[in-house]
Amino acid sequence: MGIYAMTGGATGIGAAIKNRLREEGNDVIVIDIKDADVIADLSDSEGRRAAVDAVRDAAPDGLDGLVTCAGLGSNVPNHPLITRVNYFGTVEIIEGLRELLERRRGAVVLVSSNSAPMNNSPEFVELLLAGSEEEAVSFSETIEAQEVYSGTKKAVARWMRSKVAEYATAGVRMNAVAPGYTQTPMTEQVENDPTYGPAIKEFMASIPVGFPGKPEDQAAATSFLLSPEARFVCGSVLFVDGGHDAMFRPDQV
Ligand code: NAD
């Protein structure tokens, strides 16, 4: 059985991934701002460094896998915080744990979103990919929350694809899941919001399979991507969204 690290395992999708990996008999080191093995705030470099150091201490012989699930939704009014946690809190953790992953030829699953292809702020995405946290944070304050959120999710998927060959050559397979509407504490807040709730319910009714996702649906896909069954799957973004992405972008693959 393996040893895995993950971010954002306290609630929602991350908690389902944690539970599934543990049920499969693995050790899972959870990094989160609350209810975790490693309590760390991934919104700044200090927290990210502390998280990496703590995982190094807990898994000195290496990691079989890493899942980066910590993230904030577009309902969060603090755009800089979304930017810092969703993009820099993902990329810095993966880079920091790369050596441990290489040691055991581990696999990485990043959590993107099916909103990523809908992003309309290419300038923001390029700033993220350029790696300048403060510039990206300043820019995030000039655009809508949805553009900040989808921009960070597009950038993590693009970062993954830009690094896939290098990581795979070093023995580390990377893929991403792109969840669609999945009922978690993050979405519950918006569903119950008097302003946004009715539109969200209409959006949910438009999901082609006829129901919203559950965190366990994301955990099943993540478990597959981490497993040896997926040994030839590398650099993919797997939409786990009941058909929404295909419905919105039928001509694109
Ligand atoms: P959630 O709010 O239940 O979980 C987010 C997790 O991230 C929590 O455990 C939280 O404590 C942690 N976190 C937040 N800020 C942090 C920080 N500064 N440092 C460390 N940890 C922090 O949300 P969820 O719906 O389960 O979302 C999980 C992931 O899936 C997110 O990356 C989200 O963007 C993505 N996603 C969710 C949906 C959906 O419909 N729920 C759709 C697409 C993508």
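Going by the structure above, here's the rest.
This section reports on the structure supplied with the text. All figures in this text were calculated on a predicted structure; none of them were measured in a lab.

Focus on the overall build of the protein
For the protein, the helix and strand inventory stands at 10 helices and 7 strands. Here the protein has a C-alpha radius of gyration of 17 Å; the compact-globule value for 253 residues is 18 Å, and the two agree. Counting all 253 residues of the protein, 55% fall into the buried class. Within the protein, contacts between residues separated by at least 24 positions form 75% of all contacts whose residues are at least 6 apart in sequence. Counting every atom, the protein has about 11700 Å² of accessible surface; 51% of that belongs to carbon and sulfur. The distance from the centre of the 22 positive side-chain charges to the centre of the 36 negative ones in the protein is 6 Å.

Let's talk about the pattern of salt bridges
By the definition in use, this model includes 13 salt bridges. The salt bridge partner of Arg104 is Asp64, with a shortest N-O separation of 3.2 Å. Here Arg104 is found in the loop between α3 (79–103) and β5 (107–111), whereas its partner Asp64 is found in the loop between α2 (45–58) and β4 (65–68), with 40 residues between them in sequence. Across the pair Arg158 and Glu126 runs a salt bridge whose closest N-O atoms are separated by 3.0 Å. Here Glu126 lies in helix α4 (residues 122–130) and Arg158 lies in helix α6 (residues 145–169), a separation of 32 residues in the sequence. The structure contains a network of salt bridges with shared partners spanning Arg48, Arg84, Glu92, Glu133 and Glu134.

Observations regarding the packing of aromatic side chains
Tallied over the entire structure, the rule returns 5 aromatic pairs. Ring geometry for Phe203 against Phe248: centres 6.3 Å apart, planes inclined by 10°, an arrangement best described as stacked. Placement of the pair is Phe203 in helix α8 (residues 197–205) and Phe248 in helix α10 (residues 244–248), with a sequence separation of 45 residues. Assessed through its relative accessible area of 31%, Phe203 is described here as partly exposed. By the ring-pair criterion, three or more aromatic residues cluster together here, those being Tyr181, Phe203 and Phe248. Here Arg98 stacks its cationic end above the ring of Tyr167, 4.4 Å away from the centre of that ring.

Examining the sheet that holds β4
Read from one edge to the other, the open sheet built from 7 strands follows the order β3-β2-β1-β4-β5-β6-β7, with strand pairing classed as parallel. Lying at the two open borders of the sheet, with one neighbouring strand each, are β3 (38–39) and β7 (237–240). Here strand β6 (residues 173–179) runs beside β7; their pairing, made up of 4 bridges, is parallel. Note that in β7 the partner of Ala176 across the bridge is Val237. In the packing of α2 onto the sheet, the strands contacted are β1 (3–7), β2 (27–32) and β3, and the crossing angle to β2 comes to about 165°. Lying on the sheet, α6 is in contact with β5, β6 and β7; it crosses β6 at an angle near 160°.

Notes on the site of the ligand
Taken together, 30 residues form the shell around the ligand, and within it Thr11, Ile13, Asp32, Tyr149 and Thr184 come nearest. Between the ligand and Lys153, the relevant distance is 2.8 Å, taken from an oxygen atom to a side-chain nitrogen or oxygen of the residue. The protein chains hide 92% of the 820 Å² of surface that the ligand would expose on its own. Looking at the shell around the ligand, the elements that each hand over two or more residues are α1 (12–23), α6 and α7 (185–191). Top element by residues in the shell around the ligand is α7. It accounts for 3 residues. Of the residues that constitute the shell around the ligand, the class distribution is 15 nonpolar, 11 polar and 4 charged.

Some points on the layout of surface pockets
For the second largest pocket, the calculated volume is near 320 Å³. In terms of lining residues, the second largest pocket is bounded by 16 residues, among which Arg105, Gly106, Ala107, Gly171 and Arg173 are the most central. Here the lining of the second largest pocket is composed, by residue class, of 7 nonpolar, 4 polar and 5 charged.

Rules behind the numbers
Numbers given for residues are sequential positions, taken from 1 along each chain in its written order. The predicted origin of the model limits local features to residues at a pLDDT of at least 70 and limits the giving and counting of side-chain atom pairs to 80 or more, whereas totals for whole chains, interfaces and linings rest on all residues. Hydrogens and water molecules were not included; the side-chain quantities draw on all heavy atoms of the structure. Only runs of H or I of at least four residues qualify as helices and only runs of E of at least two qualify as strands under DSSP, and these elements are numbered from the N terminus. The globule rule used for comparison is 2.2 Å times the number of residues to the exponent 0.38, while the radius of gyration itself is calculated over C-alpha atoms. To sort residues, take the accessible area from a 1.4 Å probe on protein chains only and compare it with the maximum for the residue type: under 20% means buried, over 50% means exposed, and anything in between is partly exposed. What makes two residues a contact is simply this: any of their non-hydrogen atoms within 4.5 Å. Here the open area of atoms and residues is found with the Shrake-Rupley method and a 1.4 Å probe, where only the protein chains shown may cover a residue. Note on charges: Lys and Arg go in the positive column, Asp and Glu in the negative column, and His and the chain ends are not counted at all. By convention, charge coordinates are those of NZ in Lys, CZ in Arg, CG in Asp, or CD in Glu. Just to be clear on terms, a salt bridge is a Lys or Arg side-chain nitrogen sitting within 4 Å of an Asp or Glu carboxyl oxygen. For this analysis, a ring pair means two rings from Phe, Tyr or Trp (six-membered ring only for Trp) whose centres lie within 6.5 Å, classed as stacked if their planes differ by under 30 degrees, edge-to-face if by over 60, and tilted for the remaining angles. In our convention, an over-ring charge means Lys NZ or Arg CZ found within 6 Å of a ring centre and within 35 degrees of that ring's normal. Strand pairing is defined by DSSP finding a minimum of two bridges between the two strands. Whenever a helix is involved, its axis is fitted only over the stretch in contact; in every case the axis is a line through C-alpha atoms, and angles between N-to-C directions fall within 0 to 180 degrees. A cutoff of 4 Å decides nearness: a residue is near a molecule or strand if any of its heavy atoms lies inside that distance of it. Any pair of nitrogen or oxygen atoms within 3.5 Å is treated as a polar contact; in protein, a donor-acceptor pairing is required on top of that, and neighbouring residues in sequence qualify only through side-chain atoms on both sides. Gly falls in the polar group here, along with every residue not listed as nonpolar (Ala, Val, Leu, Ile, Met, Phe, Trp, Tyr, Cys, Pro) or charged (Asp, Glu, Lys, Arg). Grid points spaced at 1 Å over the protein atoms alone were grouped into cavities, where a 1.4 Å probe fits but cannot get out, and pockets, open sets with protein on both sides within 12 Å along at least five of seven lines, with lining residues defined by an atom within 4 Å of a point. Grid points are joined across faces, edges and corners, and a volume is the space filled by probe spheres set on the points.

Remember that the coordinates give geometry; whether it matters functionally is a separate question.
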